[in-house]
Structures are given as C-alpha cells and as structure tokens.
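# Close look at the chain arrangement
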Amino acid sequence: MAVNYDSFGAKISDAGMIDSKAMLNQFKSLKAGDTLTVKFASKINEVCSKKGCWMKLDLADGTETMVRFKDFCFFMPLDANGREVVVNGKAYVTETSIEDLRHYAEDAGKSAEEIAKITEPKKEFAFEANGVLMKK
C-alpha cells in the first residue's frame with residue numbers, strides 16, 4: 001500500500017530507508033568527523049517553534065538526532081511535532097557548544113532556569129537533511 005507524503009526540500013522517495021533503531025546503531029559506529037549518507041524513518045519529537053528551521057527525531061532508547069536542513073533551503077511546519085517522517089542526507093557526530101545549546105533551548109521556549117542549567121558541551125548525533133517526506 002502506497003503511503004502519501006508531503007515533500008520538503010529535494011525530491012526523495014522512501015525506497016531504501018532504514019528504521020530509527022538501525023539509524024541509532026549507525027550513529028554509534030561513527031566518530032567525530034565521520035559522515036554517512038543515509039535515509040531513515042522516524043518520529044518528530046520537536047520542531048523549532050520560531051521558524052521550523054530544525055527538528056529533533058527519535059532514534060531509540062531515549063536518544064535523538066538534531067536535524068538541520070541543507071543550506072536552510074526549506075523548513076518544516078511548526079505544528080509537525082509527533083509526525084512520522086523520512087529524512088535523506090548526511091549523518092555525523094558533533095559536539096555542540098554551550099552557547100548553541102542555550103540558543104536552541106531558547107528557540108524551544110525553555111525557561112531561563114532550564115537554560116542556565118546548560119553548563120557543558122554535548123556530543124550529539126547530527127543530521128543534515130536535503131529532503132524530507134512527512135506522512136499525511
């Protein structure tokens with residue numbers, strides 16, 4: 001049965017995608033500086049509440065990946081939390097600075113107290129998507 005999607009960014013299909021648990025295993029095999037081109041399916045945990053310029057996708061075991069969009073050429077709907085998506089692009093491991101973590105927390109509407117608790121950089125599983133499919 002065909003699945004209907006809204007498409008964002010480059011035109012992609014869901015052919016050859018892996019699931020979020022398999023993606024987590026791929027991330028665990030990467031070191032900082034490694035890049036892997038991949039397509040995977042997941043659920044949106046959070047979208048930037050101001051512009052839709054980033055989203056966090058569920059991987060498994062409470063782990064997430066921060067997804068940004070290639071060259072900021074497209075954004076996600078602000079009400080996309082909880083939606084199922086397929087993303088295509090590059091997976092990599094990065095360390096996010098305290099300043100950036102605080103900025104993202106501010107964008108997500110976190111309180112000043114929550115933002116003040118961010119005191120060390122965070123190793124993150126990151127993803128640069130060139131195309132996204134979101135289930136209708």
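The structure this text deals with has already been given above.
What you see is a predicted model, and the numbers here were worked out from it, not measured in a lab. (Residues numbered from 1 in each chain as written. Predicted model: local features only at pLDDT ≥ 70, side-chain atom pairs only at ≥ 80, totals over all residues. Heavy atoms only, no water.)

### A few points about helix H1 (residues 20-28)
The complete set of buried residues in H1 reads Ser20, Met23, Leu24 and Phe27. Across the axial projection of H1, the buried residues extend over an arc of 105°, all falling on one side. Turned more than 90 degrees off the buried face of H1, the exposed positions are Lys21, Asn25 and Lys28. On the buried face of H1, the contacting elements are strand S2 (35-47), strand S3 (54-60), strand S4 (63-69), strand S5 (84-96) and strand S6 (122-135). The backbone nitrogen of Lys21 lies 3.2 Å from a side-chain oxygen of the residue at the head of H1, namely Asp19. (Buried < 20%, exposed > 50% of the residue type's maximum accessible area, 1.4 Å probe, protein only. Helix = DSSP H or I, 4+ residues; strand = E, 2+ residues; numbered from the N terminus. Arc of directions from axis to C-beta. Contact = heavy atoms within 4.5 Å. Polar contact = N/O pair within 3.5 Å; in protein donor to acceptor, adjacent residues only side chain to side chain.)

### Description of the pattern of salt bridges
For the coordinates displayed, the defined rule picks out 5 salt bridges. The shortest N-O distance in the salt bridge between Asp6 and Lys136 comes to 3.7 Å. Of this pair, Asp6 sits in strand S1 (residues 5-9) while Lys136 sits in the segment after S6; the two residues are 130 residues apart in sequence, bridging distant segments of the chain. The exposure class of Asp6 is partly exposed, given its relative accessible area of 28%. Linking Lys50 and Asp107 is a salt bridge whose minimum nitrogen-to-oxygen distance equals 3.9 Å. Separated by 57 residues along the polypeptide, Lys50 in the loop between S2 and S3 and Asp107 in helix H2 (residues 98-107) bring together distant segments of the chain. (Salt bridge = Lys/Arg side-chain N within 4 Å of Asp/Glu carboxyl O.)

### Some details on the environment of Lys11
Take Lys11: it is sitting in the loop between S1 and H1. A relative accessible area of 72% means that Lys11 is categorised as exposed. Taking C-alpha positions, Lys11 is 21 Å from Met66, a pair spaced 55 residues apart along the chain.

### Some details on the side chain of Thr65
For Thr65, the location among the structural elements is in strand S4. Take Thr65: its relative accessible area is 0%, and that puts it in the buried class. A polar contact is formed between the side chain of Thr65 and the backbone oxygen of Phe125, at a distance of 2.8 Å. Leave out the neighbours within four places in its chain, and Thr65 touches Phe27, Phe40, Met55, Lys56, Leu57, Leu59, Phe125, Ala126 and Phe127.

### Let's talk about the nonpolar core
The nonpolar side chains of a soluble globular protein tend to be buried with one another. If you look at the biggest cluster of nonpolar residues, it comprises 27 residues, and the most contacted ones within it are Ile44, Met55, Met76, Val87 and Val132. At the level of elements, H1, S2, S3, S4, S5 and S6 are the ones that each hand at least two residues to this core. Of the residues forming this core, the biggest block, 5 residues, is contributed by S6. Sequence-distant contacts of Val87, defined by excluding residues within four places in its chain, comprise Ile12, Val38, Lys39, Phe40, Met55, Leu57, Phe127, Ala129, Gly131 and Val132. Within the second largest apolar cluster, 5 residues are counted, among which are Cys53, Trp54, Met66 and Tyr104. (Core = buried A, V, L, I, M, F, W, Y, C linked by side-chain atoms within 4.5 Å.)

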